[in-house]
Structures are given as C-alpha cells and as structure tokens.
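A closer look at the structure
Chain by chain, the residues:
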Amino acid sequence: MTELERYKYDVLVIGAGGAGLRAAVEAREAGLRVAIICKSLFGKAHTVMAEGGAAASMGNVNSGDNWQVHFRDTMRGGKFLNHYRMAELHAKESPDRIYELEMWGALFDRTKEGKISQRNFGGHEYPRLAHVGDRTGLELIRTMQQKIVQLQQKDAREYGNAEANIRVFAELTITEIIKEKGVVAGAYGYWREGGNEVLFEAQAVIIATGGVGKTFKITSNSWEGTGDGHALALKAGANLVDMEFLQFHPTGMVWPPSVRGILVTESVRGEGGVLTNTLGERFMFKYIPDVFKDKYADNEEEADRWYLDQDNNRRPPELLPRDEVARAINSEVKAGRGTEHGGVFLDVSKRIPAEVIKKRLPSMWHQFYELAGVDITKEAMEVGPTCHYVMGGVEVEPDTAAAIGVPGLFAAGEVAGGMHGSNRLGGNSLSDLLVFGRRAGMGAAAYVKSATAVAVSEASVKAAADRIQAPFTRAGGENAYSLHQELQEVTHNLVGIIRTGSELKDAIEKIADIRKRSQNVSVAGDRKFNPGFHLAFDLDNMLLVAESTAKSAIAREESRGGHTRDDFPGMNDKWRQVNHISSYNGSEVVVREQKLPTLPKELFDLFDIHELEKYMTSEEIAKGGSN
Amino acid sequence: MARKVNLRIWRGDSNSGALQNVEVEANEGEVVLDVIHRVQATQMGDLAVRWNCKAGKCGSCSMEINGKPRLACMTRMSSFEEGEEITVTPLRAFPVIKDLVADVSFNYKKAMEIPAYEHPADLGPGEARMEQIDVERSQEFRKCIECFLCQDTCHVIRDHEENKKSFAGPRFFIRIAELDMHPLDMLKNRKRTAQEEHGLGMCNITKCCTEVCPEHIRITDNAIIPMKERVVDVKYDPARWLGSKIRRREG
Amino acid sequence: MSGVFSPSRAQIKERTLRTDKWWLQPLATFGVLFSFVIYATFRAFEGDYYYKDHLISPFYSPCLSEACVDEAVIGGFAPISAQIFNFPLSPALIILIFPLGFRMTCYYYRKAYYRAFWMSPPACAVAEPHKKYTGETRQPLILQNAHRWFFYAGLIFNVILTYDAIISFKNKDGEWGAMSVGSLVLVFSAAMLWMYSLSCHTCRHTIGGRLKHFSKHPIRYKAWTTISRLNHSHALFAWISLFAVAFADIYVRQVASGAWTNFYFFE
Ligand SMILES: Cc1cc2nc3c(=O)[nH]c(=O)nc-3n(C[C@H](O)[C@H](O)[C@H](O)COP(=O)(O)OP(=O)(O)OC[C@H]3O[C@@H](n4cnc5c(N)ncnc54)[C@H](O)[C@@H]3O)c2cc1C
Ligand code: SF4
Ligand code: SF4
Ligand code: FES
Ligand code: FES
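Only a predicted model underlies this, so the values are computations on that prediction, with no experimental measurement involved.

1. With respect to the site of ligand 1
All names here are of chain A. In the vicinity of ligand 1, 39 residues are found, and the nearest of them are Thr47, Glu224, Asp228, Glu414 and Leu430. Contact between ligand 1 and Gly18: an oxygen atom at 3.2 Å from a main-chain N or O atom of the residue. Here Glu51 contributes a backbone N or O atom positioned 3.3 Å from a nitrogen atom of ligand 1. Out of a free accessible area of 990 Å², ligand 1 has 98% covered by protein chains. Within the residue set of the shell around ligand 1, elements represented by two or more residues are α1 (18-29), β2 (34-38), β7 (172-180), β14 (381-390) and α11 (428-450). Among the elements that line the shell around ligand 1, the one with the most residues is α11, at four residues. Its residues assigned to classes, the shell around ligand 1 comprises 15 nonpolar, 18 polar and six charged.

Below you can see the structure in the form of structure tokens.
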C-alpha cells in the first residue's frame, strides 16, 4: 500500500451538486480553506439533470407573487409536515439566490421587459420557476462551477496557487466521517481512479450528497444517488427525519426498458401537456382531492382557458402536486387503462406547434427522439411513475443547516430533511440547494471560527482503512451487483409507491437479510477504477437507507404525500403532528416519533382557517399557532 | 428479442492494453452503455467506465465507438447492423487511466485559464435587464454538457500533444464566445486574448468539433468563426483599428 | 511517437478505428476542386473564346487588357480603359485573383481543402500525417484573416457579373428585349454568386454578428437573422456557385468558339 494521503482544510464539502457548490462558495468567501469532494467529475453531479427550473417568488411574470404565497404553496405541497422555519427561509431567500446566480454569469430565459422569466409548475400558484429552456440544473451547476473557478483564479493571482484555498477533489468517495471526542474531526475516503486512500482533517464537514434513488429499481437518479450522505450522517450519530417520504415523479419514460425511469420534466405539463389513458380519457379530472377542489379546474374547457387567462380560471389538474398525479397514473394502469408497457400517454403535440415545442422543451425532444425514436412534436409520450426525490433526510437546524446531535456536521440539499414535508413541489429543490447550501456554508464558517480543532487519531484512521480493505480480503463472497438488484426488487415491490403493513414487514426482514449477506461481499480485480469495488460501498449505504425508509413507513399509519398506505388511506390529523426520527445504534436503524414544531402565529395567520382545518386538529386550530 | 452482439472493448491502462472480444446480449431499445453495463455485471466486474445520467445530459460517458467520439448512452444498438462488430475505446486525445476511462484533466486546466464573467459593478441583485434576443447566442453555448468530445476529436491536440499547452480547444472557444457575446460582461480584451493566449488561430475550422457535439452546438459557425471575425476586427483590420482608435472603444 | 500514438494514451495501433467510408468525402472534394483548378488554369491562359454577342464569360469580366477585343469591352463593363491598362497576357489572370482569393480564404473552402488537400485532418478522428501543426497562426496562413477584403472585392464582382447578365438580354444588334439560353446561364451564375456572398460568414459578422446588443439595432438584427439562415447553407451555395460559374464559362466558350449555338427564346 502506498502512503496515506493527508489533507487539512477548515471545511470539507462532500458533494459538488448545487448545494455543495453553493456551500463551498459561501465558506470560501467567509475566508476559510475549503475542499470539495465528489464521486464523479466536477460538474457532473445530479443537479445537472434538473430540467424545469428553480422556484423563487420574484413576481416577474405575475406581480401577485411574493414569499408568503410561495410559503403557503410549499406547506400545502408538503401537507403541512414541513419544518415551517425551513419553508419560511426558503420562500424568503430564494429570489436573492437566483439574482446572485445572474450576477455570476447565469443566463436565464427573459421576459419581454428583460427580467428573468418564470414558468408554471405543479403546486405553484403563480408562474414561479426561473429557468433556461429545460436545462436549468445545468445552468445552475455550470454557473457555480465557474464561480469556483473565478475564486481559484483570484487565489492564483494572490497566492500564486489556484488551489491554495479551494480545491476540488473529483472522483473521490468518502466512506466515513471521523469524529473525535464527540465532534467532527474529518473524513476518510478513496480515490476512485487508483483506489488509494485519503484522510481529510477538517473541523466542519458539510454533507451535500444528494438523493437515494438507486435504492429503487425504476428511478430518475444516476448511480450517484446511493444515499451515501444519509448513511454517513447516520453512522456519525446524526438523525434522519421522515425517511418514509419518497417522491415518485409521475412522468418517467417507460419504454424502451433501458431508459425506464428517465425523467420527463414536469414542464411538459406546465407548457400544456395533457395526460390520457388508452381510452383517450383525460383522466386527471377524476383524481382531484378535496383539499385542492377550489384551485383546480374540473372540466376541460376551463383547464384549457387557464393557459390563456390564469387569473380567471382554475389550473388544469395535470398540474396537481406530484404525489397526486403519480398515484392517479398508478391507478389508471392498475385498472387496465394503461399502455402495453405499463404507462399512460402524455401529449403536447396537439396543443403546441412543433417549433415552439423544440424551443421550449429542447432536451425532451432530443431525449425522446434519440432514445425512444419518438418525435414528441407529432406523437404522444408514454410515461409512468419513477422514483425521483427523497423528502426525508438529515435532521438539521434550519438557520445554520447544522446536523442535530453532531457538532461540526452540516447537511444541505436533497440529503437534508424537513424542508419539503411529505412531498416536494417541483422547482423547490433547486432553490432549496441555493438557500440552504449558502446557510450551511455560513453555519460551518461560524462554527469553525468559534470551535477548536481536534486531531484525528491513528485508531480512527486504522478502522477506516480496514473497512476499505475488507472486500478484497474475502474471496468467493457475494456479488455486489446481484445484491444490489435484489435490494431494488424488494424496495420496488414492497416499499414502492403503494405500501401495506404486511409487505413492509416482509421488506424489513428481506433488507436485513441482504444486509447480513452484504457483509460478505467480495470484489474481483484490483483497486484501480474498479466499479465492483465502488458498488460494495454504495450498497452498504443503500441498505441503511432502505432500512430506515421501510421502518419509518411501517410506523406511519396514514397516507400523506410521498407515502401511501393501502391499509391506511387518507390523511390523519394525529400523524400530521409526528416526525419519524431514524438513528443508528451500531447494528440497526431505530425509528422513533418526535413532535413536529408548531407553526408560529405570524405564519399560521397567512392561511385561511378553513384550509388549515383540512390538515389540523381542532385543538391546533384553536391555539392559532404558537407565539 | 435479445440478440447476441460482438463487442471489442479496449482494456488496459497507461502502460499497456489491447482490444478484447466479448459476446454479450443486447435487448430492444438498448444503447451501447447498457451493453457495456451488462458486460460489467456478468463478465468483467472491474471494467472501468464513466457514466451518470444515462440521458445525454451530463457528458460523462464519452468514448470512441467504432472510431467515432460519442456518448455511449446516446448511441443506440439499433444503429449498428446485425452481426456488426462494435469497437469501443477510451478517448484517444487524452491519457488513458483504465479501460474506457480517460484522464480529462486537461480540460479543467484550460477552464481555469479563461477569465471569468465580470458583472457590472453598478448593477445590484435583480437590477439586470437583458432581452431574450441578446442572451440567445450565449445560451446556445451554455448548453454545453462538457463531454469533451469536441476536444477529443480536435486534431490540433489529438494529433499534436505539444499543442496542448497553447490551445484551449473548441469547448473553451465557445466559452470565450459566450462571454464575449454576453450582454453584460465587462471584460474587454477577450478577442485579443482569444488569439494571443488561447490559440484561436490554431483552429483551421475543419469542423470536427461541430460534427461530434451531442448538444448540436454549432461550435464552428456560431462561436469560432464569429470569434475569428471579431479578432480580425481588433487585430487585422486597419480600417476598424483606426476607427476604434478614434472612437476609443473595442470593436 | 506523437498524437494518438503518444505513450500516455491508450495503446492502439490503428490510426483510426472508423469503419465507415470516411475517405470518400475528402476524395470527392479533392477530385472536384482539382478538376476545377485545372480547368480554370487552362482557361486563364487560353485568352480566347470569352465573348460572343453580349455574352461574356465570368472568367473574363470585366474585360481589362488590350488582349480584349473591342466588342468585349463594350459588351462587358470596363472601368479601366483597355489602353491604359496595358497587359500583355490573358486578362483572366488578373481577374481570377479576386474570386480565387475570395474562395481560397472562404471559411468553408478552407475546411474543404485543409481536409482534402492537406489532410489536416483527412476526416474527424483520423490521425493526420503531419509532424507539426501551427494552424493559421503564422505566414502564410495568417493571411486567411484577409477574407473580408476579398469579400468586399467579391461584392464588386457580383455587381459586374450582374451587369453582364443584364447585358445578355440584348440581341445581336444591341437592342434590349432578347433572351437566350446564355442569358439564363449568366443570370443563374450571378444569382448564385450573390447567394454565396450573402451567406458568407464575414457578411454575417458585418451585418450584425459583431454587435453585442441586438436589441439596440432591431433592423440589423433582422438582417442578421436572415443572413444566418442563408449561412446555414453556405457550403451548398459555395458548390452551386462554383459549378454555375464554371458552367457559364464553358457555355460562353462553346458558343464563342462556335461549337454550340446560343438558342434565343426571343430576339
Ligand atoms: C432528472 C431530474 C430532474 C430534476 N428536475 C428538477 C427541477 O426541475 N427542479 C428542481 O428544483 N429539482 C429538480 N430535481 C431535483 C434536484 O435536481 C435534486 O434534488 C438536486 O439536484 C440535488 O442536489 P444536491 O446538491 O443535493 O446533490 P447532487 O446534485 O445529487 O450532488 C451530490 C453530490 O455528492 C457527491 N457525493 C455523493 N456521495 C458521495 C460520497 N460518498 N463521497 C463523495 N462525494 C459524494 C456526488 O458526487 C455529487 O457531486 C430533479 C432531479 C432529477 C433526477
Ligand atoms: S474546427 Fe477548429 S476547434 Fe473545431 S475541431 Fe477543427 S480545428 Fe479543432
Ligand atoms: S461543446 Fe459539445 S462536444 Fe464540446 S464539450 Fe460541449 S457538449 Fe461536448
Ligand atoms: S451518462 Fe450522462 S451523458 Fe451519457
Ligand atoms: S465564408 Fe465563405 S465566402 Fe466568406
């Protein structure tokens, strides 16, 4: 073995998606030395795939919009399970974060007056998503990537070394967060390229590792979405909150099989796309839940008028929050009204002229044309639900993004929980990344400035190193690829979009079994860029995440947002007051209930009482929020 | 509807390597990346390949397929003839790391050499006004997914290792063009430095970059040639040079 | 060992692994351009058969030298008197410098001949045979930057050839109103030359491409949009106009030499 590589930084950012990069910029601008670590190349994180846009109530298209409206939409979308403070900060700060990107060189699509244009999206009352065609995530990532390059160029001028104070470690996987004396001291990992190990000493670690989609069979996520950050945090002693809530995006591709799950952006519906079943029925009208009856059109004429006049008509039901649409599609398919490949039709070709489609949805056109041989300007797309986003995540202090229970640990982006409640609105993630990425950077900077550093002990290094070596020392053990497939089958079939108690129980047992066998995974070949070896670690993380999800899901006996129980249909006021907290006791995930923080009076008062009555118990209403 | 296909995969590292034959199944609708993954899962557990999105959005899975620089996730198996042998190799303009993974760090170094966007000091948050027609040209270039296929195919560096130090490559010519055409960018000498520092003059507009770009960015027509013309404005056109001296502004 | 065979790169013996017929296009380009050059050289030195009854060959227009017969000067358009301009050789030798320079420095033809003649590169991802490469950074290729001057000259020629095309609507006695196959040939060649020039990258740049803010120049923006559309087909216009001009010359030559008779629709 070559000698261990060692680095010392003030702040370590794990993840180079939107959240990680924004955090890194903030920490660097606060004067700290920052390392950014990512599993893929710089600029390839999941965030590049985000299409539709970033929600921010700038009010450029409809001046009626403001943070209060955005806050209300977010809470409604999350079925009031959101951490109110996160939703509040998010709604208030998003516009500034978008403007900031523009000042760093981002080029959003424009309105006639030359302002940033905004588009409609499910669950948002007004056109609110800042966007660039359908490649908004790319714009976000590239802008921040270039901002980091700019900071490095500045350092190069000042210190003669571009990487003096901020460095990107690409294609490096972190396997462990190291704590000493109860506080964070650093992290340990390996270069994917050579397999050699690296120790980072840092006072503060920001986890920004994104989602968990790869735990599931059909997903819009890439191989990176293996829940590493969730597992790292759990093992470091932090909590995960509400891991039962997973968002199944209603429209993923379903055919051909190799592209199954790849996302079809919600903008397709925002721009006028219509969902129909094989009978030609525009079925969404049948699925408008009571809580949304006054906001959504119940007939085609009104829905169609809405595209022209949004002030005097209710919006089409295709734009209901994602959980509703996903469940509706699921029901249609189950009822035998789906396509032969198990999807439904989504059509823009009849409503929008071909050139407009190509201009507004260029990458969708491209994606279908190249991958499925379908020209969406002429034919309908076939779509079905795909696992897309995890609402649950690391429990954090809203203002600082500090992970509760572990000094020095921070989390932001998809890996953090609470912000989106039981269901995230489209476009709220990209703005979440910016708002809480920045807050995590600030939080970490403040922490580093006040805390004292602790050194990493040799014992911790040895333990971490042994764990990495282990799969090579086991000959003839299990194959990581097949275990991964097995896990995906279990989650897909038993912890999927519709759940029941007995299946969940079954799932918990099966996951435990796979986890036991995974201790015995062996790896062929050597350490050099060896995907089998990489998967062995990712698998471990996915198993913890799946366990946490299944255990939280069996505990929640109601249906809400991204958690639907066949045996407990409908929402239950009691459960609205409960968060599920997962923690790790060294051998398994333990889930307990925790009371949700009460809405303060000034936020409570933003809502119509009758609306709150649909979600809250009469005692809660009577209290009228806390003071 | 599975069929057997013959793949020749380059396996090796920076010291040595060779093309290896494998037979593998391919199903309807699959792309080359799916088949490579099947090889990985069933026959070569340690076969190295980069990928992320599998939808042509991230630019990770760049490689050369039958000698052409392409994204493996956007190359459909049905584009090959029945029985045709498919050769996959890593990018050949860059050092190889292992199997299908090349060391593309050259590109990140070059990115560092392009001066960043400079926002007008007097425009605060939300004050910027830009018209759609003014941002459209730059937006085309911002579609770039940094797959570096254009860099890989460009003969200036593919065939001449020694040019790497003085040539930024098509990916970064579009970056320069993007900034030079950005309605608000304040940095004024981009044209001159494009020619003098980033090697725009080395490009002989033979258009291979445009041919391989998976985002269909018209690299040569919309970025390189317009930049060459802008360079002429400030460097090789006596009439405009004089005009700019008199009016004290860059063309 | 350099290029794709550099030591750090994947060790592959073949200079390309392309399986398609990549050599076809450069070969065809080479064939066509080479034939054109041979023909043009032959015609330039021939110094004869370029005028007949108000039809003047584009290779010889405007007629400049005293080698020009009187008829050609009148029929064509001679800005410089044949007497002052005392050139003993074929007038085409002077004239052809401009269109040749225009095409030699054209961004499209550069691509075509760098690939087909210089094999730099012969095709994408096919290793080129040269050891060193400096592109257009030094003499003589740095002169490619003079394309815009040839473009301006090209515009003047377009005007002259348009004039020639108009003149061809006179009958043998110099009266207007005639139309022959020759007139159509000249009109087509002039029109294609205009399309070629208008779709030129320099034209696109001059019209609007150099602007930073289109929104402040709405008319130029509109013009730029139109030119950009033409520019998409610049390569096509480059070839059509080349064939059209060559054919016009062949036609006039055959008519002037008496091999063909120019058919008149009206006289
Ligand atoms: C197809 C698609 C479309 C979407 N569209 C939208 C949209 O229109 N609007 C919207 O708001 N949201 C959208 N989302 C959701 C949104 O894109 C994601 O939630 C968001 O990008 C997550 O960003 P992040 O910064 O948290 O993490 P990511 O962007 O996922 O980045 C995670 C980073 O962590 C690194 N990492 C992970 N594990 C490790 C480890 N162990 N060691 C080192 N590094 C590690 C990864 O390499 C990566 O760099 C979309 C998502 C998908 C999949
Ligand atoms: S056009 Fe220029 S930049 Fe593009 S591949 Fe050819 S030489 Fe390289
Ligand atoms: S310009 Fe095109 S080919 Fe080049 S890196 Fe960008 S997307 Fe890839
Ligand atoms: S995997 Fe993202 S482009 Fe191919
Ligand atoms: S670019 Fe071809 S003529 Fe100018």
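Right, picking up where we left off after that structure.
2. Some words on the sheet that holds strand β2 (residues 17-26) of chain B
Residues and elements named next belong to chain B. Within the open sheet, the five strands sit side by side as β2-β1-β5-β3-β4. Their pairing is mixed. Among the strands making up the open sheet, the edge pair consists of β2 and β4 (68-71). The sheet shows a mean angle of 35 degrees between the axes of neighbouring strands, taken without regard to direction. Inspection of the sheet shows strand β1 (residues 3-12) paired to β2 by ten bridges, in the antiparallel sense. Among the inter-strand pairings, Leu7 is bridged to a residue of β2, identified as Val22.

3. Some remarks on the site of ligand 3
Surrounding ligand 3, one finds Cys144, Ile145, Glu146, Cys147, Phe148, Cys150, Ile174, Cys213, Pro214 and Ile219 of chain B. In terms of residue class, the shell around ligand 3 is made up of nine nonpolar, no polar and one charged.

4. Thoughts on the arrangement of the chains
Among the two pairs of chains that make contact, the interface with the largest number of contacts is formed by chains B and C. You won't find any contact between chain A and chain C; their C-alpha atoms come no closer than 10 Å.

5. Considering the interface of chain C and chain B
Taken together, the contacts link 58 residues of chain C with 65 residues of chain B. When chain C packs against chain B, close to 5100 Å² is buried across both sides, 50% of that on carbon and sulfur atoms. Three residues, Arg9, Tyr133 and Lys212 of chain C, lead the burial of chain C against chain B; their summed loss comes to 15% of the area buried on that side. The tally of links between chain C and chain B comes to eight salt bridges. The shortest N-O distance in the salt bridge between Asp233 of chain B and Arg148 of chain C comes to 2.7 Å.

6. Here's the deal with the pairing of strand β17 (residues 578-584) of chain A
Residue and element names in this part refer to chain A. Most of β17 sits inside the fold, with five of its seven residues counted as buried. Sheet analysis places strand β10 (residues 240-241) next to β17, joined by two bridges and oriented antiparallel. Bridging across to β17, Val241 finds its partner in Ile581. Pairing of β17 with strand β18 (residues 589-595), which is carried by seven bridges, proceeds in the antiparallel orientation. When the sheet's bridge partners are listed, Ile581 is paired in β18 with Arg592. Count of turn residues in the β17/β18 antiparallel hairpin: four residues, of which Gly586 carries a positive phi of about 100 degrees.

7. Focus on helix α5 (residues 107-116) of chain C
Counting buried residues along α5 of chain C, ten of its ten residues qualify, which places the element largely inside the surrounding structure. Turning to α5 of chain C, its buried residues are Tyr107, Tyr108, Tyr109, Arg110, Lys111, Ala112, Tyr113, Tyr114, Arg115 and Ala116 of chain C.

8. Brief notes about a nonpolar patch on the surface
Nonpolar side chains collect at one region of the surface, where Phe30, Phe34, Ile38, Phe117 and Trp118 of chain C lie side by side and expose about 510 Å² of accessible area between them. When you line up the elements, Ile38 of chain C lands in helix α1 (residues 24-46).

9. Section: the state of the cysteines
Residue and element names in this part refer to chain C. In this structure the tally under the stated criterion is one disulfide over all chains. The thiol sulfur of Cys203 is not disulfide-bonded, and the nearest other cysteine sulfur, from Cys200, lies at 6.2 Å. Here Cys203 falls in the buried class, since its relative accessible area comes to 5%.

10. Regarding the nonpolar core
Residues and elements named next belong to chain A. Counting 232 residues, the largest nonpolar core has Phe200 and Leu409 as its most contacted members. Sort the elements by how many residues they give to this core and α11 lands first, with ten residues. Not counting residues within four places of it along the chain, the set of residues in contact with Phe200 comprises Tyr7, Tyr9, Leu12, Ile37, Phe169, Leu172, Ile174, Ala185, Gly186 and Ala187.

11. Describing the environment of Tyr60 of chain C
Residues and elements named next belong to chain C. Along the chain, the position of Tyr60 falls in the loop between β2 (55-56) and α2 (70-75). Owing to a relative accessible area of 0%, Tyr60 belongs among the buried residues under this scheme. Between the C-alpha atom of Tyr60 and that of Asp173, which follows or precedes it by 113 residues, the distance is 22 Å. In this view, Tyr60 contacts Arg43, Ala44, Glu46, Gly47, Asp48, Tyr50, Ser90, Pro91, Ala92 and Ile95; residues no more than four positions away in its chain are not counted.

Cut-off values and rules
Residues numbered from 1 in each chain as written. Chains lettered and ligands numbered in written order. Predicted model: local features only at pLDDT ≥ 70, side-chain atom pairs only at ≥ 80, totals over all residues. Heavy atoms only, no water. Near = heavy atom within 4 Å. Polar contact = N/O pair within 3.5 Å; in protein donor to acceptor, adjacent residues only side chain to side chain. Areas by Shrake-Rupley, 256 points an atom, 1.4 Å probe, with all protein chains shown as cover. Helix = DSSP H or I, 4+ residues; strand = E, 2+ residues; numbered from the N terminus. Nonpolar A, V, L, I, M, F, W, Y, C, P; charged D, E, K, R; others polar. Pairing = 2+ DSSP bridges. Axes fitted to C-alpha atoms, helices over the stretch in contact; angles between N-to-C directions. Contact = heavy atoms within 4.5 Å. Buried area = accessible area lost by both parts, 1.4 Å probe. Salt bridge = Lys/Arg side-chain N within 4 Å of Asp/Glu carboxyl O. Buried < 20%, exposed > 50% of the residue type's maximum accessible area, 1.4 Å probe, protein only. Patch = residues over 30% accessible without salt bridge, like charges linked within 9 Å, V, L, I, M, F, W, Y side chains within 5 Å. Disulfide = S-S within 2.5 Å. Core = buried A, V, L, I, M, F, W, Y, C linked by side-chain atoms within 4.5 Å.

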